[in-house]
Amino acid sequence: MADIIDGKMISNQIKEECRETVEKEKLERALAVVLVGDDPASAVYVGNKKKACDFCGVKSVSHELPASTTEEELLELVDKLNRDDSINGILVQLPLPSHIDEDKVIRAISPDKDVDGFHPENVGRLSIGQPGYVSCTPAGIIQLLKRSGVEIAGKSCVVIGRSNIVGKPMALLMLRENATVTICHSKTRDLPAVCKQADILIVAIGRPKMIDASYVKEGAVVIDVGIHRQENGKLCGDVDFDSVEPVASKITPVPGGVGPMTIAMLMHNVVYGNGADADMPWIAI
Ligand code: GUN
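These lines cover the structure that appears in this document, whether it is placed above or below. (Residues numbered from 1 in each chain as written. Predicted model: local features only at pLDDT ≥ 70, side-chain atom pairs only at ≥ 80, totals over all residues. Heavy atoms only, no water.)

**Let's talk about the side chain of His-63**
What counts, and what does not: Helix numbering and strand numbering both begin at the N terminus, where a helix is a DSSP run of H or I of at least 4 residues and a strand a DSSP run of E of at least 2. Working definition: with a 1.4 Å probe on protein chains only, accessible area under 20% of the residue-type maximum means buried, over 50% means exposed, and in between means partly exposed. The contact rule is simple, with two residues in contact once any of their heavy atoms fall within 4.5 Å.
One can find His-63 in strand 3 (residues 59-65). For His-63, a relative accessible area of 18% corresponds to the buried category. Not counting residues within four places of it along the chain, the set of residues in contact with His-63 comprises Val-33, Val-34, Leu-35, Leu-77 and Leu-81.

This is the structure in structure tokens:
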């Protein structure tokens with residue numbers, strides 16, 4: 001029987017800490033949230049981000065643009081937000097409509113306001129161990145581990161998935177915490193055998209319930225980044241929870257595991273900045 005890592009509870013703790021810091025330090029923080037088009041899932045995410053801002057005492061400034069917005073118009077808005085001193089974080093919700101080059105938009109955001117941690121400068125800073133904004137989902141996973149009492153240093157960690165947003169920064173963060181890190185992907189030979197080496201297995205492969213007990217060492221900590229809607233309407237992750245839970249020592253559920261941490265760490269980034277300000281009272285990542 002594994003302990004369940006309660007992401008809902010830990011994310012609430014972090015948002016509460018953000019709220020207290022804003023109040024105590026009398027911080028004036030503002031996040032610009034840019035949504036292009038009418039993707040319903042993106043609208044829900046953006047709504048939740050704005051709610052989290054309200055909770056934490058952070059101002060959210062919303063820019064909802066039609067799907068017909070040109071790349072040039074979006075780049076102009078980003079430029080305006082970069083120069084606006086009242087805005088300290090800029091979030092352009094992805095995916096963008098296909099006629100807009102996402103990479104170009106990410107590069108246009110000032111690295112100092114890139115609270116998503118997607119700008120190549122921030123990715124580079126992470127890779128050479130300098131302060132910088134860190135992608136929210138992997139940063140949230142570090143918090144889940146630390147706040148659940150999981151020792152990372154010296155452990156064998158296997159990350160399945162090599163996306164720019166989760167897999168790669170996750171591996172870098174675990175390395176920074178002194179884990180011995182392996183990154184796996186679709187071409188990895190004998191994936192179950194590699195995964196079975198892991199003390200900490202982080203799964204971001206994007207396939208429902210793919211990882212069953214045959215991939216998991218007895219007593220491993222298993223973190224599931226996936227979220228999928230099944231035919232019966234219920235949500236599931238990349239991990240087959242019922243198969244893995246009896247083998248693992250700790251496991252994140254879906255929903256209520258990694259998911260809520262992304263917005264909590266976004267609030268962390270908006271409130272605490274990029275770790276470069278030595279006067280900030282609490283830098284967790
Ligand atoms: N789309 C899905 N997740 C994210 C995220 O974390 N940030 C942004 N900007 N877009 C997303």
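**Description of the packing of helix 1 (residues 7-24) against helix 10 (residues 259-272)**
Definition in use: All axes here are fitted lines through C-alpha atoms, helices being fitted over the stretch that makes contact, and every angle between N-to-C directions spans 0 to 180 degrees. By the definition adopted for this analysis, an angle is roughly parallel if under 35 degrees, roughly antiparallel if over 145, roughly perpendicular if from 65 to 115, and oblique otherwise. Helix crossings get a hand from a simple test, with the near helix turned counterclockwise from the far one by less than a right angle marking a left-handed crossing and a clockwise turn marking a right-handed one. By the convention adopted, Pro, Cys, Tyr, Trp, Phe, Met, Ile, Leu, Val and Ala count as nonpolar, Lys, Arg, Asp and Glu as charged, and the other residues, Gly among them, as polar.
Orientation of helix 1 relative to helix 10, taken along the N-to-C sense of each, is 15°, at an axis distance of 9 Å. Relative to helix 10, the element helix 1 lies roughly parallel. When you trace helix 1 past helix 10, the crossing you get is left-handed. Of helix 10, the residues touching helix 1 (which contributes Gly-7, Lys-8, Ile-10, Ser-11, Ile-14, Lys-15, Glu-17, Cys-18, Thr-21 and Val-22) are Pro-260, Met-261, Ala-264, Met-265, Met-267, His-268, Val-271 and Tyr-272. Here the residues of the contact of helix 1 with helix 10 are counted per class, giving 11 nonpolar, 4 polar and 3 charged.

**Overview of the site of the ligand**
We apply this condition: By convention in this text, a residue qualifies as near a molecule or strand provided that one of its non-hydrogen atoms is within 4 Å of it. Throughout this description, a polar contact denotes any pair of N or O atoms lying within 3.5 Å of each other; where both atoms belong to protein, one of them has to be capable of donating a hydrogen while the other can accept it, and for residues adjacent in sequence the pair is counted only when both atoms sit in side chains. With residues, only the protein chains shown are counted as cover, and all accessible areas are computed by Shrake-Rupley using a 1.4 Å probe.
What surrounds the ligand is the set Lys-49, Leu-91, Val-92, Gln-93, Leu-94, Asp-116 and Phe-118. Here a nitrogen atom of the ligand sits 2.8 Å away from a polar atom, N or O, in the main chain of Val-92. Between a nitrogen atom of the ligand and a main-chain N or O atom of Leu-94, the distance comes to 2.9 Å. Protein chains bury 78% of the 280 Å² of accessible surface belonging to the ligand in isolation. Looking at the shell around the ligand, its residues break down into 4 nonpolar, 1 polar and 2 charged.

**As for unusual backbone geometry**
Leu-94 connects to Pro-95 through a cis peptide bond whose omega is 0°. Position of Pro-95 relative to the elements: it lies in the loop between strand 4 (89-92) and helix 4 (102-108). With an omega of 0°, the peptide bond between Val-254 and Pro-255 qualifies as cis.

**Describing the environment of Val-271**
Position of Val-271 relative to the elements: it lies in helix 10. Given a relative accessible area of 0%, Val-271 falls into the buried group. Between the C-alpha atom of Val-271 and that of Gly-89, which follows or precedes it by 182 residues, the distance is 9.3 Å. The contacts of Val-271, once residues within four sequence positions are left out, are Cys-18, Thr-21, Val-22, Leu-27, Arg-29, Val-58 and Met-280.

**Let's talk about the sheet that holds strand 3**
To keep it simple, the criterion reads: Strands were regarded as paired on the criterion that DSSP finds at least two bridges between them.
Taken in spatial order, the 3 strands make up an open sheet running 3-2-4, and their pairing is parallel. The strands lining the two open edges of the sheet, one partner per strand, are strand 3 and strand 4. Pairs of neighbouring strands in the sheet enclose a mean axial angle of 15°, with direction left out of account. Taken together, the 4 bridges between strand 2 (residues 30-36) and strand 4 define a ladder with parallel strand orientation. From the neighbouring strand, Leu-31 faces strand 4, where its bridge partner is Gly-89. On the sheet, helix 2 (residues 40-56) packs against strand 2, strand 3 and strand 4 and is oriented at approximately 170° with respect to strand 2.

**Here's the deal with the sheet that holds strand 7 (residues 200-203)**
A sheet is described by the order of its strands in space; here 6 strands give the open sequence 1-11-8-7-5-6, paired in parallel fashion. Each end of this open sheet is capped by a strand with a single partner; those strands are strand 1 (3-4) and strand 6 (180-184). In the sheet, strand 5 (residues 156-160) pairs with strand 7 via 4 bridges, with the strands oriented parallel. Of the residues in strand 7, the one forming a bridge with Val-159 is Ile-202.

**Here we look at the side chain of Lys-113**
Put simply, the test is: Positive charges are assigned to Lys and Arg, negative charges to Asp and Glu, while His and the chain termini are left out of the count. Any carboxyl oxygen of Asp or Glu that lies within 4 Å of a side-chain nitrogen of Lys or Arg is treated as forming a salt bridge with it.
Residue placement: Lys-113 occurs in the loop between helix 4 and helix 5 (120-127). Of the side chains with opposite charge, Asp-85 lies nearest to the buried Lys-113, which makes no salt bridge, at 5.3 Å. Of note is the side chain of Lys-113, whose polar atom sits 2.8 Å from the backbone oxygen of Leu-81. A polar contact of 2.8 Å, which involves the side chain of Lys-113, links it to the backbone oxygen of Asp-84. Residues within four places of Lys-113 in sequence aside, it is in contact with Leu-81, Asn-82, Arg-83, Asp-84, Ile-87, Asn-88, Gly-89, Ile-90 and Tyr-133.

**Looking at the nonpolar core**
Just so we agree on the cut-off: By nonpolar core we mean a set of buried residues, namely Ala, Val, Leu, Ile, Met, Phe, Trp, Tyr and Cys, connected to one another through side-chain atoms within 4.5 Å.
If you look at the biggest cluster of nonpolar residues, it comprises 51 residues, and the most contacted ones within it are Leu-31, Leu-145, Met-174, Ile-200 and Ile-202. Apart from the residues within four sequence positions on either side, Met-174 is in contact with Ile-142, Leu-145, Ile-152, Cys-157, Ala-179, Val-181, Ile-200 and Ile-202. The next biggest cluster of nonpolar side chains, apart from the first, holds 19 residues, and it includes Ile-160, Cys-195, Ala-220 and Val-247.

Interpretation in functional terms is not warranted from these geometric data alone.
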